[in-house]
Amino acid sequence: MKSVRVFAPATIANLGCGFDIMGLALDEAGDVLEMTASAGDGLCITNESGVPLPGDPEANVITPVVRKFFIMTGLAGHVDVTVRRKIYPGSGIGSSAASCAAAAFGMNELFGRPLGATQLVECAMEGELLASGGRHADNVAPALLGGIVLIRGYEPLDLVRLPVPEGFYCTVVHPQIVVSTKEAREILPKAVPMHDAVAQWGNVGGLVAGLYTGDVALVGRAMKDSVAEPYRKRFIPGFDVLREELLAAGALAMNISGSGPSVFALSDKRETAVAAGEIMKSHFASMGVGCSIYVEKVSATGAKLLSE
Ligand code: HSE
């Protein structure tokens, strides 16, 4: 019998222009799982986090990740998982991805690390498929690897870790509005007009160049989304006004975090990030919408072992 306690961080997917291909890891919010492997087979999930999760194991994202791990490795065993800490589902900062990444990472630790980093991302994506109906890795890849990750391609999975300029802060606001990732994906059109595609790939190139050269102004200019935001911003009250206020206060960029409803501002100073949080709070308060605010550093660390 072997037990581990593992952590995987919250993440912000898309980063504006990188729909389904870019994401970053935050440094504090995240999920903690305790996992034990013993002889036999089967999976038992217990939720001690205080956050409501589906009671049916078939509806829990951890289940397909554990199954996929056994399929990929040819190993077998009985696994007990206790969810100790959990990001609130639907918060837009990769709640399902943190569980998927922690489960994949924990399985690998329990069974002697048979999978490499890219395979772990593939394994964790199985849970994202259950959560959102899509096999996207822009939350699970940074949740496992840390930092900012580009998914250069899905077939085969090709992951590129991008440099993170010093002192990047994210202010995330989670307004009390419910938007499911499935719904936010279903409203997107199946084809992108050429004009929007040109704008998007210009921005993706600009963002990667800005990260490599440490040109924070270029990073800010490039974090624009012509593909998903035009359809999704209608779920977020006063979206355009909020962005104007945040940019005027010195934020480099503001975008929807993943599929929303959370929105994040990127800043290169802690004071700007804290001020952005105040602006977000009064914006949603003026609309009668409650919210939670997180101010976090971009973290170079992804999933990690807390104890054995
Ligand atoms: N790339 C995904 C989407 C992220 O935008 O639907 C979901 O968190």
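From a predicted model like this one, the values you see are computed outputs, not experimental measurements.

How each quantity is defined
Sequence order sets the numbering: in each chain, residues are counted from 1 along the sequence as written. Reporting of local features is limited, given that this is a predicted model, to residues whose pLDDT is at least 70; pairs of side-chain atoms are given and counted only at 80 or more, and all residues count toward the totals for whole chains, interfaces and linings. Side-chain metrics in this entry use all non-hydrogen atoms of the structure; hydrogen atoms and water are not considered. Between the rings of Phe, Tyr and Trp (Trp by its six-membered ring), a pair exists once the centres lie within 6.5 Å; its type follows the angle of the planes, with under 30 degrees stacked, over 60 edge-to-face, and the other angles tilted. With a 1.4 Å probe rolled over the protein chains alone, any residue whose accessible area is under 20% of its type maximum counts as buried; one over 50% counts as exposed, and the rest are partly exposed. Numbered from the N terminus, helices here are DSSP runs of H or I no shorter than four residues, and strands are runs of E no shorter than two. In the cavity and pocket records, a cavity denotes points on a 1 Å grid over the protein atoms alone where a 1.4 Å probe fits but cannot get out, a pocket denotes an open set with protein on both sides within 12 Å along at least 5 of 7 lines, and lining residues are residues with an atom within 4 Å of a point. Grid points are joined across faces, edges and corners, and a volume is the space filled by probe spheres set on the points. Each residue gets one of three labels, nonpolar for Ala, Val, Leu, Ile, Met, Phe, Trp, Tyr, Cys and Pro, charged for Asp, Glu, Lys and Arg, and polar for the others, Gly among them. Each domain's limits were defined by an automated method or a database of domain assignments. Two residues qualify as a contact provided that any one of their heavy atoms is within 4.5 Å of a heavy atom in the partner residue. A 1.4 Å probe defines the accessible area here, and the buried area is the portion of it lost by two parts on being joined, summed over both. The rule for a salt bridge is simple: a side-chain nitrogen of Lys or Arg has to be within 4 Å of a carboxyl oxygen of Asp or Glu. Each axis is a line fitted through C-alpha atoms, taken for helices only over the stretch in contact, and angles between the N-to-C directions span 0 to 180 degrees. Oblique is the label for any angle not under 35 degrees, not over 145, and not in the 65 to 115 range, which are roughly parallel, roughly antiparallel and roughly perpendicular in turn. The handedness criterion is simple: a crossing whose near helix is rotated anticlockwise from the far helix by less than a right angle is left-handed, and one whose near helix is rotated clockwise is right-handed. Buried Ala, Val, Leu, Ile, Met, Phe, Trp, Tyr and Cys residues form a nonpolar core when they are joined through side-chain atoms within 4.5 Å.

Undergrad: Now, about the packing of aromatic side chains: what can you tell me, with residues and values included?
TA: Tallied over the full model, the rule gives 3 aromatic pairs. Consider the rings of Phe69 and Phe70, whose centres lie 6.0 Å apart with planes at 70 degrees: the pair is edge-to-face. Under the relative-accessibility criterion, Phe70 is labelled buried at 15%. Judged by centre distance (5.5 Å) and plane angle (85 degrees), the rings of Phe70 and Phe111 are edge-to-face. Separated by 41 residues along the polypeptide, Phe70 in helix 1 (residues 62–73) and Phe111 in the loop between helix 2 (95–110) and helix 3 (117–132) bring together distant segments of the chain. Grouped by ring-pair contacts, the aromatic residues Phe69, Phe70 and Phe111 constitute a single cluster.

Undergrad: Could you give an account of the layout of surface pockets, naming the residues involved and the relevant values?
TA: Each pocket or cavity is described by its volume, and for the largest pocket that value is around 760 Å³. What lines the largest pocket is a set of 41 residues, among which Pro89, Gly90, Ser95, Ser96 and Thr181 lie closest to the centre. For the lining of the largest pocket, the secondary-structure elements that each account for two or more residues are helix 2, helix 3 and helix 5 (181–186). By residue number, the principal contributor to the lining of the largest pocket is helix 3, which donates 4 residues. Each residue belonging to the lining of the largest pocket can be placed in one class, and the counts come to 15 nonpolar, 19 polar and 7 charged. Here the lining of the largest pocket gathers at least three residues from each of two domains, domain 1 (2–163 + 299–307) and domain 2 (169–297). Its volume calculated, the second largest pocket comes out at about 180 Å³.

Undergrad: Requested: an account of the domain arrangement of the chain, with residues and values cited.
TA: Domain annotation of the chain identifies domain 1 (2–163 + 299–307) and domain 2 (169–297). The gap between the C-alpha centroids of domain 1 and domain 2 is 24 Å. The interface is formed by 32 residues belonging to domain 1 together with 31 residues belonging to domain 2. In total, about 2,400 Å² of surface goes out of reach between domain 1 and domain 2, with carbon and sulfur atoms giving 64% of it. Area buried by domain 1 at its contact with domain 2 is led by Cys17, Phe19 and Pro163, which between them contribute 23% of it. Joining domain 1 to domain 2, the criterion identifies 1 salt bridge.

Undergrad: An account of the packing of helix 9 (residues 239–248) against helix 10 (residues 270–286) is requested, with residue identities and associated values reported.
TA: One way to put it is that helix 9 packs onto helix 10 with a least axis distance of 10 Å and a crossing angle of 155 degrees. Relative to helix 10, the element helix 9 lies roughly antiparallel. Judged by the sense of rotation from one axis to the other, the crossing of helix 9 with helix 10 is right-handed. Taken together, the residues of helix 10 that come into contact with helix 9 (itself represented by Leu242, Glu245 and Leu246) are Ala276, Ile279, Met280, His283 and Phe284.

Undergrad: Mind laying out the nonpolar core, listing which residues take part and the relevant values?
TA: Among the nonpolar cores identified, the biggest contains 41 residues, and Leu33, Met35, Met107, Phe111, Val121, Val140 and Leu144 are the most heavily contacted of them. With 9 residues, the top contributor of residues to this core is helix 2. Residue contacts for Phe111: discarding those within four places in its chain leaves Ala37, Phe69, Phe70, Leu75, Ala76, Gly77 and Val79. Of all hydrophobic cores here, the second largest spans 29 residues; its members include Leu15, Met22, Leu162 and Leu211.

Undergrad: Tell me about the pattern of salt bridges, residues and numbers included.
TA: For the structure on display, the rule yields 13 salt bridges. Here Glu229 and Arg243 are joined by a salt bridge, their closest N and O atoms 2.6 Å apart. Here Arg243 lies in helix 9 and Glu229 lies in helix 8 (residues 229–232), a separation of 14 residues in the sequence. Where Asp240 meets Lys233, a salt bridge forms, and the shortest distance between an N and an O atom there is 3.1 Å. One network of salt bridges, in which partners are shared, links Arg5, Glu34 and Arg84.

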